[in-house]
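Coordinates in review
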Amino acid sequence: MRVYNFSAGPAMLPEEVLKKAAAELVEYGETGQSVMEMSHRSKEYDAIIKATEKTLRDVMSIPDNYKVLFLQGGASLQFAMVPLNLMKTGKADFVVTGQWAKKALEQAQKYCECNVVATSKDKTFSYIPELDKSKFNPNADYFHICENNTIYGTKWSELPDTGNVPLVSDMSSCILSEPVDVSKYGIIFAGAQKNMGPAGLTVVIIREDLVGNAQEKTPIMLDYKTQVDNESLYNTPPTYGIYILKLVLEWIQSKGGLTAMKEINTKKAGLLYDFLDNSKMFSATVFGKDRSLMNIPFVTGNDELDSKFVAEAKKAGFINLKGHRSVGGMRASIYNAMPVEGVEKLVEFMGKFESENA
Ligand SMILES: *Cc1c(COP(=O)(O)O)cnc(C)c1O
């Protein structure tokens, strides 16, 4: 029996996608082979990677002056790849809203001078800080944000206005969860394993004019221009992951696209936040407009009770609810693939746990 998996990543994939992949696993269409066995330079695979890009462009309404890249190395490699490619003045602005933003900052500090515009470290990153525009460097090479903070459950509700400075967004845990205006960004990047497909694939969406400025010593694999010029086929890309992304994108289209995703995600998150806001035992750790639709941390305020809850939930088929060690308590990650009834049943289980342990 499939469980409800609340993992922050790798996370659930839509069951329909897994079933389709299973049906095509051994023989893909009329090709007599698995996608995993195909040459990445074959015409069969070319059709898959092109269709994946086209579908992503359709689903996210990506403007023509943006390139789509299918890379490896995770979101974490982008923390270094971005400064290596974007440095001109050698300065970048950062907002530190959690561990992933901090890791990006630490990588960039190896290559350029970094200015921390704001941080929410004082309250365990439980909010998105207000920004003082006078602290922005108008000549920075880029301005980095982590748009959805997977560990802490916060999400930017309004993007910083960075003027001509390219906004770089780590969207690993919120990409495809709602419509976004791609034209507001210089670079969007995301590891696939939260909301797009299996681990091993990283998607980068980059404005054309930001390609071709890499530092001289940048390894060829880490130069966006190499990847753009070769349409992500300079070397062997994560072929199977790209194919699964195609299925996930088709699944999103079949549900009504990102507008429908946002509606469903708002409903799911609303169910859990409403329960938490009315519970006497459980409470959310993030409030107001900064609340994430994807990752919802919560606590009882009692470590023993937290552990008991996580253990009993697991037995009941709700797995990976333990919170990140830096926050404690619990966290429910409810990406696109988590069905509404998964959240409904979790809330029902929490209510029962609360009455039995009051
Ligand atoms: C998971 C995650 C990462 C790390 O992704 P990798 O693909 O493992 O490098 C970075 N940023 C955010 C926001 C994440 O959720």
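Here the structure is a predicted model, which is why all the values come from computation and not from measurement.

Quick word on the sheet that holds strand S12 (residues 295-299)
The 3 strands lie next to each other as S11-S12-S14, forming an open sheet whose pairing is antiparallel. The open sheet is flanked by strand S11 (283-284) and strand S14 (330-333), the only strands paired with a single partner. As defined by bridge partners, S12 adjoins S14 across 4 bridges and the pair is classed as antiparallel. Bridged to Pro 297 within S14 is Arg 331.

Observations concerning the side chain of His 40
As for its position among the elements, His 40 is in the loop between helix H1 (15-23) and helix H2 (43-60). Ignoring anything within four residues of it in the chain, the contact list for His 40 reads Tyr 45, Leu 233, Asn 235, Thr 236, Pro 237 and Thr 239.

With respect to the pattern of salt bridges
Applying the stated rule across the entire model yields 19 salt bridges. Among the ionic pairs, Lys 133 bridges to Asp 161, the shortest N-O distance being 3.5 Å. With Lys 133 in the loop between strand S4 (113-119) and strand S5 (142-146) and Asp 161 in the loop between strand S7 (154-155) and strand S8 (167-170), the pair connects residues that are 28 residues apart, well separated along the chain. In this pair, the class of Lys 133 matches that of Asp 161, namely exposed. Taken together, the shared-partner salt bridges connect Arg 2, Glu 15 and Lys 19 into one network.

Thoughts on the domain arrangement of the protein chain
Partitioning the protein chain into domains gives domain 1 (15-254) and domain 2 (256-357). A separation of 27 Å is found between the C-alpha centroids of domain 1 and domain 2. With 28 residues of domain 1 at the interface, the matching set in domain 2 holds 25 residues. Between the two partners, domain 1 and domain 2, sit 1 salt bridge. In this structure, the salt-bridge partner of Glu 178 is Lys 262, at a minimum N-O distance of 3.9 Å. Remark: the boundary between domain 1 and domain 2 carries 13 residue pairs in polar contact (both at pLDDT 80 or more). Of all elements in the fold, only H2, S7 and helix H6 (239-255) reach the threshold of two or more residues within the side of domain 1 that touches domain 2. Of the residues in the side of domain 1 that touches domain 2, the class split is 11 nonpolar, 13 polar and 4 charged.

Some points on the environment of Leu 201
Topologically, Leu 201 is positioned in the loop between strand S9 (187-191) and strand S10 (202-207). Taking C-alpha positions, Leu 201 is 6.7 Å from Gly 74, a pair spaced 127 residues apart along the chain.

What to know about the site of the ligand
Close to the ligand lie 13 residues, the nearest being Ser 76, Thr 150, Asp 170, Gln 193 and Lys 194. Side-chain polar atom of Gln 193 to an oxygen atom of the ligand: 3.0 Å apart, as the coordinates give it. When the ligand sits alone it has 390 Å² of accessible area, and the protein chains cover 87% of it. Broken down by element, the residue count for the shell around the ligand peaks at 4 residues, all from helix H3 (residues 74-86).

Let's talk about H3
For H3, spanning 13 residues, the distance from its first C-alpha to its last is 19 Å, which sits close to the expected 18 Å at 1.5 Å a residue. Ala 80 marks the point of greatest bend in H3, at about 30°, and the proline Pro 83 comes within the next four residues. Within H3, 10 of the 13 residues are buried, which leaves the element mostly enclosed by the surrounding structure. Residues Ala 75, Gln 78, Phe 79, Ala 80, Met 81, Val 82, Pro 83, Leu 84, Asn 85 and Leu 86 constitute the buried set of H3.

Here we look at the layout of surface pockets
Its volume calculated, the largest pocket comes out at about 400 Å³. Lining of the largest pocket is provided by 22 residues; of these, Tyr 4, Ala 337, Met 338, Pro 339 and Glu 341 occupy positions nearest its centre. Mapped onto the lining of the largest pocket, the elements with two or more residues apiece are H1, H6, helix H7 (257-278) and helix H9 (340-356). The residue makeup of the lining of the largest pocket, split by class, is 15 nonpolar, 2 polar and 5 charged. Taken domain by domain, the makeup of the lining of the largest pocket includes at least three residues from each of domain 1 (15-254) and domain 2 (256-357).

Analysis parameters
Residues numbered from 1 in each chain as written. Predicted model: local features only at pLDDT ≥ 70, side-chain atom pairs only at ≥ 80, totals over all residues. Heavy atoms only, no water. Pairing = 2+ DSSP bridges. Helix = DSSP H or I, 4+ residues; strand = E, 2+ residues; numbered from the N terminus. Contact = heavy atoms within 4.5 Å. Salt bridge = Lys/Arg side-chain N within 4 Å of Asp/Glu carboxyl O. Buried < 20%, exposed > 50% of the residue type's maximum accessible area, 1.4 Å probe, protein only. Domains from an automatic or database assignment. Polar contact = N/O pair within 3.5 Å; in protein donor to acceptor, adjacent residues only side chain to side chain. Nonpolar A, V, L, I, M, F, W, Y, C, P; charged D, E, K, R; others polar. Near = heavy atom within 4 Å. Areas by Shrake-Rupley, 256 points an atom, 1.4 Å probe, with all protein chains shown as cover. Expected span 1.5 Å × (residues − 1). Bend = angle between axes of the 7 residues up to and from the residue. 1 Å grid on protein atoms, 1.4 Å probe; cavity = no way out; pocket = protein on both sides within 12 Å on 5 of 7 lines; lining within 4 Å. Points joined across faces, edges and corners; volume = space filled by probe spheres on them.

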